[in-house]
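Examining the three-dimensional arrangement
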Amino acid sequence: MAPHTPKDEGQQEPAPVSRGGTYHLQTISVGCKVFARRPGPDGQEEERLAEVLSIRDRPTNPYVSRLRNEAKPDDPQRPEDRLEFFVHWDQFNKRLDDWIPGSRILLNRDMEWPRPKAPPSTKKATQKAPGKLNKSKSLLKKAATANALNAIKADVGSPGPSSLFDDRVSATPPPSLKRKAPDDEAEDDEDLDADADGDMDIDDEEGEVLDLDGGRSPAPPPPVSAFSKEQEIEKLRTSGSMTQSISEIARVKNLNRLQIGKHEVDAWYFSPYPQEYAHLPVLYICEFCLSYFGSPFMLSRHRKRCNLLHPPGNEIYRHEDLSFFELDGKRQLTWCRNLSMLSKCFLDHKTLYYDVTPFMYYVMCQRDSTGCHIIGYFSKEKESADNYNVACILTLPQHQRHGYGKLLIEFSYELSKKEGKLGSPEKPLSDLGLLGYRAYWAQTIIELLLNTNDDVSIDDIAQRTSITHADVMNTCTTLQLFKHYKGQHVISLPESLQERHKKTLEKRRRKIHPECLQWKPPTFTRDQLRFGW
Amino acid sequence: MPRNPAGPSTLRNRNRVTNKTRLKVIKESIDADPIVLDEDEEKARVVSTAGVDAEDANEHHLQAVLSAAATRHQSIARSTRAATDKDSSQPAAFIPTPDSTGIVQNYEDLYPPKRWHDPTNYVKSSDTLEECTSSALVGGFIYYMDERDKDWLDRNNEEARGEGTSAQGAISGSTRSARSSKAKGKEPEVSQPVVMTEDEFELVMAVFEKVTHEKTEFLHHGLEQGGPFPPFTDYQDAFSTKLQPDLFALYEVPSWVPDESKLLPLARAVYAYWRERRLERGGHPIIPAVNLDETDTKNESYICFRRREIKAVRKTRAQQATYSDRLLRLKHDLERALLIASDVKDRELTKRESAVVGQVVWDKRFALVDLKRRYPTLGTKEDEELLHDKERIPKKAKTDTSGRPIVRLHAGSREPAVSQEPIMHPKAKLEIIQKQIESEMVQRKEKDHHWEDAVDNAYQATPTSYSSRLFKFIQSTRSTHTPDSPSSPPQRHRAARLRFGRGGRIHLDRRLCDPRSSRSPSESDSDTEVLEKRRRLQERWKFDEDDVPAIRPEGLEEQDRKLADDFDPKYLSHRMSLLSDSEYNMLMTDTSFYVTLPDGRVDKVTPYRLGVINNRNPAGSVTPRTPGGSQPPPSRPTPNGVTPVVNGTAISLPTPLKSMPPPPTVPSLRISANGTMRSITPSLSPTVPSHRPSSSPVRDQTHSTGIQDDPGSSVKSEQELKMTVPSQANGPDAVK
């Protein structure tokens, strides 16, 4: 779950370890930490610690067999590739979690077992009182160890731990998948589903408590700083779209690739698209209505009947080829649900626990002769108790790194200015979100400061930019703008900073033109805000 | 994070920058130490990742980017030019993301270009997804074929084409067999292939799904329990009539939809296939949908879009009225407006009618006058009357008197009388009427004499509260045994009320009957100062009517009371059998209590208890210490020969029964007697037990047994009494 910092490890009793070479692939169970090769950005491979979150037989998906297997029947590859492991790279964001073939696991390096109870066959030594441990971790590990135990009890030579899950299988695989699949392949699908369920079940049974501090304190007292699931849901009941508790989210990515319009992208995180679509090689998404399909033929049939060319809402901004559409989550229930599920693929902390009705959606589109292609969006609570002006914000990955994110942010503040309110995005931010917001705040504040000749206070800055005081303060601190000079506090903009600012301004191709915004803040009666009916 | 801890500047840093601090903006490079707002390095790190989940904040790539940025700022802040150069040479840190570079090959086929043209105005649209999909059924039932459907459809169409006419001929046979097979509970493959288009296939499938959803929404549960799969006849209705517009999301039947005669065979052909697919899905819809089933805990992570509970809304009175109420009221108001309007119309019509009639009358009179003028001999004096408008006069009178509502009432009733009367001069008539009115008014006034005119006199006495009704009057017997004070009026009543407090305490509230009159001792009449004072007091109390118990001793309430003697053998014989002695004991608390005697010893005193032999004398032999209580208390024998428990509170209870007036032999109640009160006041709690017997036994007459058995509470009430005495003592003092 959490990337374990070395500090953390040091303070707890060391986890049981299997020395390199003393175990083989079948021994590895969910929760174990192994070293695996990971291709680095510059071509060379690094050996990195990875936590195994799920194990499956190499997917021989019916669609793969249908579409591609005819082409390459060189089936039995290396035996170790028959197993695939879903790993979380230590200290990396979850979006880089990946299925890796068994051949990439370094069996000659040590394997770390999940901590609480070591499987007796390997190590009996360190047994720790589970109560003292970070609870959620211990739970996960407990279950994982149980698996490991089973795995050991079961015939090690059997195809894999997948057989363990057979008794739990409940979901029938989608018939479309099953058609040409031999029986064993169909079973594989079931295993995967069940696998994901297994994780959730663990969380369900008793794992409501998640220590957010990630074990920073030496002996973490579980309930004090914990954010229980009930609290979480209670908070979400009235507002918000972000989850603090990651235990709530299935940990194994269930989608591989998404085809959205012209683009095909990898999914980053779990998303609750119908279970039958889990682990399809590609999920097909209509660019305009965001409906999802398991097969290309369905998509083509859909495209023949879909008449939508733009998000089904009102255009409130148009400049050059960019438009913003405003949608009411209550009116456009299906569309907004589709959008939410799509964006969940790329947002870790987004939760779809509750429905979309209390949100407004602002969708940024690029127009061309085909229609209005969605680039990104942000959602916004119709009434935010915490003064958030953004709930979720996302640039679709195929459009990232083009400055659209900053445009979305700018637009969200433009709306806040129209409303006459200060606003801040809903927390927690993702890493990319943090960088985007920090860049926007820095740019906006510096711009403002360069264009003022009077003394300013933080309050002035906040009022003129709609950025909250805390965010302004934070940005100025990180930029180290506050100086003590000649006995007074000043804001200092050194020339080097100005230069850098100028450069980024040049790089920036687009900006929001407030005069193109035709928008009145939507108003809702009390009754309408009571979430509908 | 590399940062200069800025040792010497820490003192200056104490001055916080607040939100309102005006800060000078310096746009040149200056050589100054940055203010480290948070000296704590750890805190600074948190600031840099503020808003990110604590667990994610330590991630490798994020930290790399942040630290790169921090060093950049650091270098800028230090304004070392070289640093910026060096900075650019570093490989830019970034957060890697998964691949997003795939390009779809058949994009143009799927999304044909040249379909979108920018409208002049901003797009306004509120169509939902269903409404934007061709031939979608209402409720979001849209079926899209997949590859498998395509295979089936192709095969079906081939077969249908290959067999051609024979398929048509076989239809009737197939229905028959379908019917017979239904009886067996099985659906064999009876359908005949019929050529159909993809759209038709999808429509039929969608209708199947929709009807299934409506009729057997929980088919999957049914199948799990071995329930039957709905037979084709369940769906026959949907296909055997023409598809209605309300089936479609756009409320319009697409033009290509075949009519029912063609649709039914299609449906029949598809049914078996649809059934097969649906069964494969375990009864779920063929196209998977988002899991909204909140009870499906097994797949919890896939459940999404739960309904939010309704937000609690602050209740205001305006909101409490329901919409239906408001609409009803609105309807009522509108109806009334309509009614008024129609009445006004009627009135105006009547007016017009009368005007027309008046015109006719006028014409006739004119003719008459003309006639008379022409032939003066014809007319008699009486004819003159015909020229007058008789009705005018009563009308005038009416308008004159209509100023007052009461009068108007009678003016209306007078009208017939007027019409009977012979014609007389308007003035005289007016006088008569006026007189009549006056007399009516006088009569009315007489009639209303005992009534409060709520119209003119807005004051209405506040209704007496229930609690104040509980005050009961005890007839004072003071006059009998304090003959030395003739000044006190013989009719002095005291009101008192018993009330039960927490823990069974009994409180006694007393009310002087009339606070003002108590301050009128006659001997000081001559003293002007006293007189003045009294006048003022009276003035002050003038409106304090409510200070007096609501029910006066001579009030109605007291008059028709039924007297019941609690000690009437009739009652006693019943009551004495209710509880046995042991039960009495059980009901009693341990009443003994400790008293510190004057010489310092602590003595345990057990108050007198029914049925318990006590070393103290029975009540009868105790000499009351009250100066007023000159007569000995009666030794009233109880059934078991012991004097009844003596309770201190000699007040009638809030029982509907009227307390019996004390018999002449009985001494005054201790409380009601002034002297008694005062004699108690100086002696505090230790004396209580000794006083107990002296408190009159009379009170048992009205006391219910329950209270009687609780001596503890009676003690309490006595103490309560003492507490209240000083505040009320003024009155009796003044009397003396």
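Residues numbered from 1 in each chain as written. Chains lettered and ligands numbered in written order. Predicted model: local features only at pLDDT ≥ 70, side-chain atom pairs only at ≥ 80, totals over all residues. Heavy atoms only, no water.

1. Some remarks on the overall build of chain A
Selection rule: Comment: elements are numbered from the N terminus, with helices defined as DSSP H or I runs of at least four residues and strands as E runs of at least two. Classification of residues uses two cut-offs on accessible area relative to the type maximum, computed with a 1.4 Å probe and protein chains only: under 20% is buried, over 50% is exposed, and between them is partly exposed. In this analysis, two residues are considered to be in contact whenever any of their non-hydrogen atoms come within 4.5 Å of each other. Where accessible areas are quoted, they stem from the Shrake-Rupley method and a 1.4 Å probe; at the residue level, only the protein chains shown are allowed to cover.
Looking only at helices and strands, one finds 14 helices and 19 strands in chain A. Per-residue burial for chain A yields a buried fraction of 64% across its 533 residues. Taking the intrachain contacts of chain A between residues at least 6 apart in sequence as the baseline, contacts between residues at least 24 apart amount to 67%. Accessible surface, chain A: about 20000 Å² in total, of which carbon and sulfur atoms supply 50%.

2. A word on the overall build of chain B
Within chain B, the regular secondary structure consists of 29 helices and 7 strands. Within chain B, buried positions represent 36% of all 736 residues. Within chain B, contacts between residues at least 6 apart in sequence are counted, and of these 65% link residues at least 24 apart. Accessible surface, chain B: about 45200 Å² in total, of which carbon and sulfur atoms supply 55%.

3. Quick notes on the packing of aromatic side chains
Counted only if it meets this: Centres within 6.5 Å make a pair out of two Phe, Tyr or Trp rings, where for Trp the six-membered ring is used; the pair is then stacked when the planes are under 30 degrees apart, edge-to-face when over 60, and tilted otherwise. Charge over a ring is defined by NZ of Lys or CZ of Arg lying within 6 Å of the ring centre and within 35 degrees of the ring normal.
Taken as a whole and assessed by the stated rule, the structure comprises 36 aromatic pairs over all chains. Ring geometry for tyrosine 143 of chain B versus phenylalanine 201 of chain B: centroids 6.3 Å apart, planes at 75°, classification edge-to-face. Remark: phenylalanine 201 of chain B occurs in helix α9 (residues 198-215) and tyrosine 143 of chain B occurs in the loop between α6 (107-110) and α7 (147-163); sequence separation between them is 58 residues. Judged by relative accessible area, which is 3%, tyrosine 143 of chain B ranks as buried. On the basis of relative accessible area, phenylalanine 201 of chain B is assigned to the buried category, the value being 0%. Among the aromatic residues, those joined into a cluster by ring pairs are Phe208, Phe229, Phe232, Tyr235, Phe239, Tyr271 and Trp274 of chain B. One cation-aromatic arrangement involves arginine 306 of chain B over tyrosine 353 of chain A; the distance from NZ or CZ to the ring centre is 3.5 Å. The ring of phenylalanine 567 of chain B carries arginine 575 of chain B above its face, with NZ or CZ at 5.6 Å from the centroid.

4. Focus on the state of the cysteines
All names here are of chain A. Here is the rule: In this description, a disulfide is simply a cysteine sulfur pair whose atoms lie within 2.5 Å.
If you walk through the whole model with that rule in mind, you get 0 disulfides over all chains. Summary of cysteine pairing: cysteine 306 is not part of a disulfide, and the nearest cysteine sulfur, belonging to cysteine 289, is at 4.0 Å. Residue class for cysteine 306 comes out buried when judged on its relative accessible area of 2%.

5. Quick look at the packing of helix α10 (residues 431-450) of chain A against helix α12 (residues 469-479) of chain A
Residue and element names in this part refer to chain A. Stated formally: All axes here are fitted lines through C-alpha atoms, helices being fitted over the stretch that makes contact, and every angle between N-to-C directions spans 0 to 180 degrees. Roughly parallel refers to an angle under 35 degrees, roughly antiparallel to one over 145, roughly perpendicular to one between 65 and 115, and oblique to any angle outside these ranges. Residues were grouped as follows: Ala, Val, Leu, Ile, Met, Phe, Trp, Tyr, Cys and Pro as nonpolar; Asp, Glu, Lys and Arg as charged; and all remaining residues, including Gly, as polar.
Two numbers describe how α10 lies on α12: the axes approach to 10 Å, and their chain directions differ by 90°. In terms of axis orientation, α10 runs roughly perpendicular to α12. Of the residues in α12, those in contact with Arg438, Trp441, Ala442, Ile445 and Ile446 of α10 are Asp471, Val472, Thr475, Cys476, Thr478 and Leu479. For the contact of α10 with α12, the per-class residue count stands at 7 nonpolar, 2 polar and 2 charged.

6. Observations regarding the sheet that holds strand β7 (residues 257-260) of chain A
Applicable threshold: When DSSP finds at least two bridges between two strands, those strands are taken to pair.
Read across the sheet, 5 strands follow the order β10(A)-β9(A)-β7(A)-β8(A)-β2(B) without closing on themselves; strand pairing throughout is mixed. Looking at the sheet topology across the chains shown, the edges are occupied by β10 (292-293) of chain A together with β2 (102-103) of chain B. Summarising the sheet, strand β9 (residues 282-285) of chain A and β10 of chain A pair through 2 bridges and their orientation is antiparallel. For tyrosine 284 of chain A, the partnering residue across the bridge sits in β10 of chain A and is phenylalanine 293 of chain A.

7. Description of the interface of chain B and chain A
Formally: Once two parts are brought into contact, the accessible area they lose, counted with a 1.4 Å probe and summed over both, makes up the buried area. The term salt bridge refers to a side-chain nitrogen of Lys or Arg lying within 4 Å of a carboxyl oxygen of Asp or Glu. Whenever a nitrogen or oxygen atom comes within 3.5 Å of another N or O atom, the pair is scored as a polar contact, on the condition that within protein one atom can donate a hydrogen and the other can accept it, and that pairs from neighbouring residues in sequence are kept only if both atoms are in side chains.
Between chain B and chain A, the residue contacts involve 122 residues of the former and 166 residues of the latter. Counting the surface lost from both chain B and chain A, the interface buries some 13500 Å², and carbon and sulfur atoms represent 54% of this. One can count 10 salt bridges joining chain B with chain A. Of the charged contacts, one joins glutamate 198 of chain B and arginine 301 of chain A as a salt bridge, the two residues approaching to 2.9 Å between their closest N and O atoms. The interface formed by chain B and chain A holds 54 residue pairs in polar contact (both at pLDDT 80 or more) in total. The element that contributes the greatest number of residues to the side of chain B that touches chain A is helix α4 (residues 60-78) of chain B, accounting for 11 residues.

8. Topic: the nonpolar core
Definition in use: Only buried residues count toward a nonpolar core, which is a set of Ala, Val, Leu, Ile, Met, Phe, Trp, Tyr and Cys residues joined through side-chain atoms within 4.5 Å.
Judged by nonpolar contacts, the single largest core of 60 residues is most densely connected at Leu258, Tyr273, Trp335, Leu342 and Phe346 of chain A. At 5 residues, helix α8 (residues 333-344) of chain A tops the list of elements feeding residues into this core. With residues near it in sequence (within four places) discarded, leucine 342 of chain A still touches Leu258, Ile260, Tyr273, Ile285, Leu290 and Leu396 of chain A. Core analysis: the second largest hydrophobic core is formed by 55 residues, Phe324, Leu408 and Ile461 of chain A together with Leu23 of chain B among them.

9. Brief notes about the packing of α10 of chain A against helix α11 (residues 458-465) of chain A
All names here are of chain A. What counts, and what does not: Whether a crossing is left-handed or right-handed is set by the direction in which the near helix is turned from the far one by less than a right angle, anticlockwise for left-handed and clockwise for right-handed.
Contact pair α10 / α11: the axes reach a minimum separation of 11 Å and the direction vectors enclose 110°. One way to sum up the angle between α10 and α11 is to call them roughly perpendicular. Where α10 crosses over α11, the handedness of that crossing is right-handed. Judged by residue contacts, Thr444, Ile445, Leu448 and Leu449 of α10 engage Ile461, Arg464 and Thr465 from α11. Taken together, the residues of the contact of α10 with α11 break down into 4 nonpolar, 2 polar and 1 charged.

10. A short note on the confidence of the model for chain B
Stated formally: Confidence of the predictor at the level of single residues is given by pLDDT, which spans 0 to 100.
Mean pLDDT for chain B: 69, with 56% of residues reaching 70 or above. Residue range residues 614-659 of chain B is modelled with pLDDT below 50. Its contacts to residues more than four positions away, or to other chains, number 118 contacts.

11. Examining the environment of aspartate 199 of chain B
Here aspartate 199 of chain B lies in helix α9. In this structure aspartate 199 of chain B comes out as partly exposed when scored by relative accessible area, which is 30%. Separated by 55 residues in sequence, aspartate 199 of chain B and tyrosine 144 of chain B place their C-alpha atoms 9.0 Å apart. If we ignore the near neighbours within four places in the chain, the residues touching aspartate 199 of chain B are Arg301 of chain A together with Trp256 of chain B.

12. Here's the deal with the sheet that holds strand β16 (residues 393-395) of chain A
Adjacent strands of a sheet form backbone hydrogen bonds with each other and so pair up, either parallel or antiparallel. Residue and element names in this part refer to chain A. Strand order in the open sheet made by the 5 strands is β11-β12-β13-β14-β16, with antiparallel pairing throughout. Since the sheet does not close on itself, it has two edges, and those belong to β11 (314-319) and β16, each with one partner. Recorded for the sheet is a direction-independent mean angle of 20° between the axes of neighbouring strands. Relative to strand β12 (residues 322-328), β11 runs antiparallel, the two being bridged by 5 bridges. For arginine 318, the partnering residue across the bridge sits in β12 and is serine 323.

13. As for the confidence of the model for chain A
Low pLDDT marks stretches whose predicted atomic positions should not be read closely. In this model, chain A carries a mean pLDDT of 74, and residues with pLDDT of at least 70 account for 68%. Contacts from residues 61-76 of chain A, a stretch scored under 50 in pLDDT, to residues over four places away or in other chains number 25 contacts.

14. Examining helix α18 (residues 426-447) of chain B
Residues and elements named next belong to chain B. Heads up, the condition is: In this scheme, a helix's expected span is set at 1.5 Å multiplied by one less than its residue total. The reported arc concerns the directions from the helix axis to the C-beta atoms and nothing else.
Helix length check: α18 (22 residues) gives 31 Å between terminal C-alpha atoms against 32 Å at 1.5 Å per residue, within 8%. Among all positions in α18, only Lys429, Ile433 and Ile437 are buried. All buried residues of α18 project into a common sector of 75° when viewed along the axis, lining one side. Opposite the packed face of α18, turned more than 90 degrees from it, sit the exposed residues Lys427, Glu431, Lys435, Lys445 and Glu446.

15. A look at the pattern of salt bridges
Overall, the coordinates contain 43 salt bridges over all chains when judged by the stated rule. Of the charged contacts, one joins arginine 331 of chain A and glutamate 131 of chain B as a salt bridge, the two residues approaching to 3.7 Å between their closest N and O atoms. With arginine 331 of chain A in the loop between β12 and α8 and glutamate 131 of chain B in the loop between α6 and α7, this pair bridges two chains. Given the relative accessible area of 41%, arginine 331 of chain A is considered partly exposed. Glutamate 131 of chain B gets classed as partly exposed once you look at its relative accessible area, which sits at 24%. Each of Arg301 and Arg305 of chain A together with Lys150, Asp154, Glu198, Asp199 and Glu202 of chain B takes part in salt bridges that share partners, so that together they form one network.

16. So, α11 of chain A
Residues and elements named next belong to chain A. Summarising burial for α11: 6 of the 8 residues are buried, a large majority. Every buried residue of α11 is accounted for by Ile458, Asp459, Asp460, Ile461, Ala462 and Thr465. Buried residues belonging to α11 abut α9 (404-419), α10, α12 and β18 (482-485). In the stretch just after α11, serine 466 is the one whose phi turns positive, near 65°.

17. Concerning the pairing of β9 of chain A
Within a regular strand, the side chains alternate between the two sheet faces. Residues and elements named next belong to chain A. Burial along β9 is two-sided: the residues Val282 and Tyr284 and Leu283 and Ile285 are all buried. Pairing analysis gives 4 bridges linking β7 to β9, with the strands arranged parallel. Within β9, the residue paired with glutamine 259 across the bridge is tyrosine 284. Here β9 folds back onto β10 in antiparallel fashion, the turn holding 6 residues, of which leucine 290 has a positive phi close to 60°.

18. Thoughts on a nonpolar patch on the surface
Residue and element names in this part refer to chain B. Defined as follows: Candidates for patches are residues over 30% relative accessible area with no salt bridge; among them, like charges are joined within 9 Å and nonpolar side chains (Val, Leu, Ile, Met, Phe, Trp, Tyr) within 5 Å.
A cluster of nonpolar side chains, namely Leu327, Leu330 and Leu334, defines an oily patch on the protein surface of about 310 Å² accessible area. Of note, leucine 334 is situated in helix α14 (residues 323-374). Look at leucine 334 and you get exposed, because its relative accessible area is 55%.

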